[in-house]
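# Results of the structural survey
The chain contents come next:
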Amino acid sequence: MSADTDLARDRESATDATEDTPVLTADGLQKYFSQSDGIVDRVLGGGGTVKAVDGVDIQLRAGETLAVVGESGCGKSTLGQALLNLHQPTGGSIRYRGEDITGLSGREMRPYRAKLQMIFQDPLASLNPRQTVGEILTTPMQVHGIGDSAEDRRERVRDLLERVGLSADQIDRYPAQFSGGQQQRVGIARALAVEPDVIVADEPVSALDVSVQAQILNLLDELQAELNLSLLFITHDLSVVRQVADRVAVMYLGEIVETAPVDVLFEAQHHPYSEALLSAVPRIDPEARGDRIVLEGNVPSPIDPPAGCRFHTRCHRVIPPADWDADQPTFRRAFTYRNRVEAGELDPEAARRRLDAEGEASDDDAVASHLVETSLPGDVADLPEGARAAVSTAAQLVVDGKQEDAVDRVVDALPSPCVDEVPAVVETASGRTAACHRADPDAPGDPVATDD
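This section reports on the structure supplied with the text. (Residues numbered from 1 in each chain as written. Predicted model: local features only at pLDDT ≥ 70, side-chain atom pairs only at ≥ 80, totals over all residues. Heavy atoms only, no water.)

## A word on the pairing of strand S7 (residues 198-202)
As a reminder of what qualifies: Each residue is assigned to one of three classes by its accessible area relative to the maximum for its type, calculated with a 1.4 Å probe on protein chains only: buried under 20%, partly exposed between the two thresholds, exposed over 50%. Here a strand is any run of E in DSSP of at least two residues, a helix any run of H or I of at least four, and the numbering for each starts at the N terminus. Should DSSP find at least two bridges between two strands, the strands are regarded as paired.
S7 sits mainly inside the fold: five of its five residues count as buried. Of the two faces of S7, the one carrying Val198, Val200 and Asp202 and the one carrying Ile199 and Ala201 are both buried. Taken together, the four bridges between strand S6 (residues 116-119) and S7 define a ladder with parallel strand orientation. The residue of S7 that forms the bridge with Met118 is Val200. Sheet topology note: the S7/strand S8 (residues 230-235) ladder contains five bridges and is parallel. Residue pairing for S8: Val198 is matched across the bridge by Ser230.

Here it is in structure tokens:
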């Protein structure tokens, strides 16, 4: 019986013994980064804390691929590294097959390093340019006591290189002598060298050509099936998710907002952010194409994330108050204006200069009207009477230099439960979870259609 067969049998036995226990679990995982490390920041009290990962619950099951998706900067990579203790967690817990590994030191993590490996986004940057591929791959084997001798380890490296689609006679080449796709294959081989149980793949194909991406994705799929690996696949590219993933976790501003089996998520989304992401995925079938959802505004700062639902500042389905007299799209327009007032984006002096340059009246009333016209999507006349008055009054207060009063005016006139209340995480019979008021039948607003 071959060593590969023995390895696969051992993995199957381990999976059977722990089938009720997720391979890797995070509960309330947090990772914050202090921005007050400099002398100036400490003296002036500046900097703040970046909440890169903020209360994440996630489970990776035996033999599955879980894709973590979201925009750049949402915390995906930090989450992957925190799960492996490459970043010390700020809070929460991490368990590997039921064992608590939260915040273990480098020495304490050594027994787990062979089981928990990572494939990095930039293959060349993660490979030592002064070592040959043979040295890169035999070093972790030696550290973890794999192989009976140096020659045995070199033979294992030759087998690994062929397994990942390289040639055994490339063992003495340096990383710079390989193409980008070949370098990523070396990175995959390095992760496999210590016979891991879990691999976190951080954007493993984002830097590669499309044709090479397909080769690497197929390779990962083949290796996962052969070795019963559990794979956490981090990506911002939803076009590859359906090909590689069993389940998907959607991440926004440090939080997981929705999880679901991949086919369930692609069929329907319960969180508006997931809906916006999926609307951007190219589809060959014209009948399967929907309208592209373009999100308003910029991603808020993770130093000071919004209260309530963190997505409410950009959400196209933000919930109106109970006494709203118009439809939801109209409230969305008014709420966009509220966000711009709160963010201090209404600039009366810039508006005055523009009116002067165009030869228009530039008195205070004209400037206030201009601010409304340029900051409110659509026509102010379409808003209910109370909202129209609030919009106009807020613009006039901004012109008068009363920014705080302007904010108070729009906040009072245009409230939303999405701002005031943190949404509960709701789970459905299909295995989906969603942190959105619309997914909660007990929350205010029109509920989304459920999977149940």
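Now that the structure has been shown, we can carry on.
## Structural notes on a negative patch on the surface
Heads up, the condition is: Like-charged residues are merged into a patch within 9 Å and nonpolar side chains (Val, Leu, Ile, Met, Phe, Trp, Tyr) within 5 Å, provided each residue has over 30% relative accessible area and no salt bridge. A 1.4 Å probe and the Shrake-Rupley method give the accessible areas. Residues count as covered only by the protein chains that appear here. Salt bridges are counted wherever a side-chain nitrogen of Lys or Arg sits within 4 Å of a carboxyl oxygen of Asp or Glu. Within this scheme the basic residues Lys and Arg register as positive and the acidic residues Asp and Glu register as negative, but His and the chain ends are omitted. Working definition for charges: the position is that of NZ of Lys, CZ of Arg, CG of Asp or CD of Glu.
Judged by side-chain charge, Glu404, Asp405, Asp408 and Asp412 come together as a negatively charged surface patch. Here Asp405 lies in helix H16 (residues 403-413).

## Quick look at H16
Worth spelling out the cut-off: By definition, the arc is the one covered by directions from the helix axis to the C-beta atoms. Only heavy atoms enter the contact rule, under which two residues are in contact if any of them lie within 4.5 Å.
Looking only at H16, the buried set comprises Ala406, Val407 and Val410. With its buried residues spanning 100° around the axis, H16 presents them on a single face. Those residues of H16 that are exposed and aimed more than 90 degrees away from the buried face are Glu404 and Asp412. Turning to H16, the residues buried within the fold contact helix H12 (328-342) and helix H15 (385-399).

## Quick look at the sheet that holds S8
Going by this rule: Axis angles are defined between N-to-C directions and span 0 to 180 degrees, where every axis is a line fitted to C-alpha atoms and, for a helix, only to the segment in contact.
Read from one edge of the open sheet, eight strands run S6-S7-S8-S3-S9-S10-S12-S11, paired in mixed fashion. Single-partner strands in this sheet number two, and they are S6 and strand S11 (425-427). The sheet shows a mean angle of 20° between the axes of neighbouring strands, direction not considered. Pairing between S11 and strand S12 (residues 433-435): three bridges, direction antiparallel. Considered in S12, the bridge of Glu427 is made with Thr433. Its contacts with the sheet place helix H11 (residues 272-279) against strand S3 (65-69), strand S9 (247-252) and strand S10 (255-261), and it is angled at close to 110° to S9.

## Examining the environment of Ala268
Among the structural elements, Ala268 can be located in the loop between helix H10 (262-267) and H11. Between the C-alpha atom of Ala268 and that of Leu278, which follows or precedes it by 10 residues, the distance is 9.2 Å.

## A few points about the nonpolar core
Going by this rule: Within this scheme, the nonpolar core is defined by two criteria: the residues are buried Ala, Val, Leu, Ile, Met, Phe, Trp, Tyr or Cys, and they are joined through side-chain atoms within 4.5 Å.
Counting 92 residues, the largest nonpolar core has Ile188, Leu192, Val241 and Tyr337 as the members making the most contacts within it. Aside from chain neighbours lying at most four places away, what touches Val241 is Ala67, Val69, Thr235, Val248, Val262 and Phe266. Membership of the second largest hydrophobic core comes to 30 residues, among which are Leu29, Leu60, Tyr96 and Leu104.

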